[in-house]
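Summary of structural features
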Amino acid sequence: MKELGIAVIGFGWMGKAHTRSYLRIPTLFPDRSANARLVYCVDPMESRRTEAVRDFGFAHATADPQEAIDHPDVDAVIVCAPNMLHEELCVAAAQAGKHVFCEKPVGGTPEQTARVELAARSAGVISGVGYNYRWAPLVQYAKQLIDDGVLGEITNYRGRFFSMYGSDPLGLLSWRFEFDGAGYGVSSDILSHSMDLAMMLNGPITEVVGQKETFIPQRPLPKPDAGSHYSRGEVGDPTGPVTNEDYTGALTRFANGSVGTFEASRNIVGPQSQMAFDIHGTKGALRWNLETMNELQVFLIDDNNTHDGYTTVYAGDRFPFHGAFVPGDANAIGYEDLKVIECLQFLNAIATGEQHEPGFKEALNYVSVQQALVSSWESNSWQKVVDVGLQ
Ligand SMILES: NC(=O)c1ccc[n+]([C@@H]2O[C@H](COP(=O)([O-])OP(=O)(O)OC[C@H]3O[C@@H](n4cnc5c(N)ncnc54)[C@H](O)[C@@H]3O)[C@@H](O)[C@H]2O)c1
């Protein structure tokens, strides 16, 4: 079996999640095409570098990304640093001939994503992007139902990603809340997941009009080494301005003639991590929500409409990937299991030389919609989606 050396850049939440996932693959997927070897961890924080070597088993840790990228034992680079570093890191990795997996968004702005996609394409390396909700077994099943025509002609799509991670005004001004660190706000951070899933399930979006808002304009400044976007300051701490959007909503049209609505918010109170969709066709409908990711609601019209209504289908080993984690029906899997599937698929793509999907091409598809959305914020009018890779 092939062994592929990996370097993980950025060892916060996502860097650790990817690393744990690579470690779990051998015991879960005997049919895999490759194993990952943990060669380099890169992070400016010394405590995280120590943890990477001591607890996760990386051979080396450094604060210098180029040192890791250039090392001959590194075949693939996994970018889990803050968004505005993605372009530089991904381009450097691709130019060194390394395969690149980048956490979403691939860059903080559409222009950055286009440059990254071009660099990977020119270098001929395999690319991957962290749209992990695609891999939920019941989302994969939903895709099968839609592709098999079980829902008939699709008429309506409703996507949303509502999170409370920024709902506390004392939540720290981490890199996510600053344009210099994250690029755009929720449109880069979480609308990207929602619209990527929509395009996987329902095809390309062709037109968009939307609005945005920043509800919490100031936040306490972060302290050195203090946690993540879930960490909290104190009343009276010095504050700084939030420089990207907390909320965006959009109306869309799809190439297949259906219509869509989308919303993403990081400080709405109530839904805690509601990455969800409803899709409606002429013969049926589906709805799925990350908060109950092991359930799919299915409505199918039949001849006897006495008991019309949504039926709950529980996840189980009859759906894609699920049985690798747990046998039987209604035994649940969790968020990080989706990362394991994602990492497995990326390793397999490198081993077989077949482009991974979602890769940077799919990231470009999303940012092309994002670019049109941003234009609509400014013009207050419908905008056609144009491929930003061609601009
Ligand atoms: N797919 C998902 O569901 C999902 C979830 C969370 C985050 N993300 C994405 O993952 C990325 C990281 O987010 P996170 O939540 O792990 O952030 P985080 O703040 O927890 O971790 C970021 C890490 O990057 C390190 N870092 C900062 N500058 C660096 C540099 N120059 N070189 C290397 N490392 C550097 C930080 O020290 C920190 O350890 C972001 O792009 C985010 O959008 C994706």
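Residues numbered from 1 in each chain as written. Predicted model: local features only at pLDDT ≥ 70, side-chain atom pairs only at ≥ 80, totals over all residues. Heavy atoms only, no water.

So, about the overall build of the protein. Across its full length, the protein holds 12 helices and 17 strands. Relative to the globule expectation of 21 Å for 391 residues, the C-alpha radius of gyration of the protein, 21 Å, shows essentially globular dimensions. Along the first, second and third principal axes, the C-alpha set of the protein runs to 65 × 55 × 45 Å. Each of the 391 residues in the protein was classed as buried or not, and the buried ones make up 56%. Contacts in the protein between residues at least 24 apart in sequence constitute 73% of all its contacts with a sequence separation of at least 6. Surface accessibility of the protein: about 16,300 Å² in total, with carbon and sulfur atoms responsible for 50%. For the protein, the distance from the average position of its 30 positive side-chain charges to the average position of its 48 negative side-chain charges is 1 Å. (Helix = DSSP H or I, 4+ residues; strand = E, 2+ residues; numbered from the N terminus. Rg over C-alpha atoms; globule rule 2.2 N^0.38 Å. Buried < 20%, exposed > 50% of the residue type's maximum accessible area, 1.4 Å probe, protein only. Contact = heavy atoms within 4.5 Å. Areas by Shrake-Rupley, 256 points an atom, 1.4 Å probe, with all protein chains shown as cover. Lys, Arg positive; Asp, Glu negative; His and termini not counted. Charge placed at Lys NZ, Arg CZ, Asp CG, Glu CD.)

Pairing is parallel in the open sheet, where six strands are placed in the order E3-E2-E1-E4-E5-E6. Of all strands in the sheet, those with a lone pairing partner are strand E3 (60-62) and strand E6 (127-129), marking the two edges. On average, each strand axis in the sheet is tilted by 25 degrees relative to the strand beside it, whichever way the strands run. Where strand E5 (residues 99-102) and E6 come together, three bridges link them in parallel fashion. Across the sheet, residue Cys102 finds its bridge partner in E6, namely Val129. Of the strands in this sheet, strand E1 (2-9), strand E2 (34-42), strand E4 (76-79) and E5 are in contact with helix H1 (residues 13-28), which crosses E2 at around 155 degrees. (Pairing = 2+ DSSP bridges. Axes fitted to C-alpha atoms, helices over the stretch in contact; angles between N-to-C directions.)

Each pocket or cavity is described by its volume, and for the second largest pocket that value is around 330 Å³. Lining the second largest pocket are 19 residues; nearest its centre among them are Met199, Gly203, Pro204, Ile205 and Asn365. For the lining of the second largest pocket, the elements supplying multiple residues, two or more each, are helix H9 (191-202), strand E8 (205-213) and helix H12 (360-379). The dominant element in the lining of the second largest pocket, judged by the number of residues it contributes, is H12, at six residues. Grouping the constituent residues of the lining of the second largest pocket by class yields eight nonpolar, four polar and seven charged. (1 Å grid on protein atoms, 1.4 Å probe; cavity = no way out; pocket = protein on both sides within 12 Å on 5 of 7 lines; lining within 4 Å. Points joined across faces, edges and corners; volume = space filled by probe spheres on them. Nonpolar A, V, L, I, M, F, W, Y, C, P; charged D, E, K, R; others polar.)

Moving on, we get to the packing of helix H5 (residues 110-123) against H12. For any two helices packed against each other, one specifies the inter-axial angle together with the distance between the axes. Where H5 contacts H12, the axes come no closer than 9 Å and their chain directions differ by 160 degrees. When the axis of H5 is compared with that of H12, the two are roughly antiparallel. Seen along the crossing, H5 lies across H12 with a hand that is left-handed. The residues of H12 that touch H5, namely those facing Pro110, Glu111, Thr113, Ala114, Val116, Glu117 and Ala120, are Phe360, Lys361, Ala363, Leu364, Val367, Gln370 and Gln371. For the contact of H5 with H12, a count of residues per class yields eight nonpolar, three polar and three charged. (Parallel < 35°, antiparallel > 145°, perpendicular 65-115°, else oblique. Left-handed = near helix turned anticlockwise from the far one by under 90°.)

A separate point is the site of the ligand. Taken together, 29 residues form the shell around the ligand, and within it Asp43, Arg48, Asn83, Asn132 and Tyr335 come nearest. Take Ala81: an N or O atom from its main chain is 3.5 Å from an oxygen atom of the ligand. At 3.4 Å from an oxygen atom of the ligand is found a side-chain nitrogen or oxygen belonging to His193. Calculation on the ligand without its partners gives an accessible area of 840 Å², and the protein chains cover 88% of this total. Put simply, the parts of the chain that give the shell around the ligand at least two residues each are H1 and helix H11 (335-352). Taken together, the residues that form the shell around the ligand break down as 15 nonpolar, seven polar and seven charged. When residues are assigned to domains, the shell around the ligand turns out to be shared by domain 1 (2-132) and domain 2 (137-292 + 294-333), each giving three or more. (Near = heavy atom within 4 Å. Polar contact = N/O pair within 3.5 Å; in protein donor to acceptor, adjacent residues only side chain to side chain. Domains from an automatic or database assignment.)

In this section: the nonpolar core. Of all hydrophobic cores here, the largest spans 112 residues; its most connected members are Tyr157, Leu197, Phe277, Leu286 and Trp288. Two domains each put at least three residues into this core: domain 1 (2-132) and domain 2 (137-292 + 294-333). (Core = buried A, V, L, I, M, F, W, Y, C linked by side-chain atoms within 4.5 Å.)

With five bridges connecting them, strand E14 (residues 284-289) and strand E15 (residues 295-300) associate as antiparallel partners. Bridge pairing in E15 places Arg287 opposite Gln297. Pairing geometry for E15 and strand E16 (residues 311-314), over four bridges, is antiparallel. Bridge assignment links Val298 to a residue of E16, and that residue is Thr311.

Before going further, it helps to spend a moment on H9. The terminal C-alpha atoms of H9, which comprises 12 residues, lie 16 Å apart, in line with the 16 Å expected from a rise of 1.5 Å per residue. Every buried residue of H9 is listed here: Leu191, Ser192, His193, Ser194, Met195, Asp196, Leu197, Ala198, Met199, Met200, Leu201 and Asn202. Count one or two residues on from H9 and you reach Gly203, which has phi positive near 85 degrees. (Expected span 1.5 Å × (residues − 1).)

Splitting the protein by domain gives domain 1 (2-132) and domain 2 (137-292 + 294-333). For domain 1 versus domain 2, the distance between C-alpha centres works out to 25 Å. With 18 residues of domain 1 at the interface, the matching set in domain 2 holds 19 residues. Regarding the contact of domain 1 and domain 2, the summed buried area is about 1,500 Å², with carbon and sulfur atoms giving 63% of it. Sorting the residues of domain 1 by area buried against domain 2 places Met84, Lys104 and Tyr131 first, and these three jointly supply 31% of that buried surface. Along the contact surface separating domain 1 from domain 2 lie one salt bridge. Applying the counting criterion to the domain 1 and domain 2 interface returns five residue pairs in polar contact (both at pLDDT 80 or more). Sorting the residues of the side of domain 1 that touches domain 2 by element identifies H1 and helix H2 (46-56) as the ones contributing at least two each. Grouping the constituent residues of the side of domain 1 that touches domain 2 by class yields nine nonpolar, six polar and three charged. (Buried area = accessible area lost by both parts, 1.4 Å probe. Salt bridge = Lys/Arg side-chain N within 4 Å of Asp/Glu carboxyl O.)

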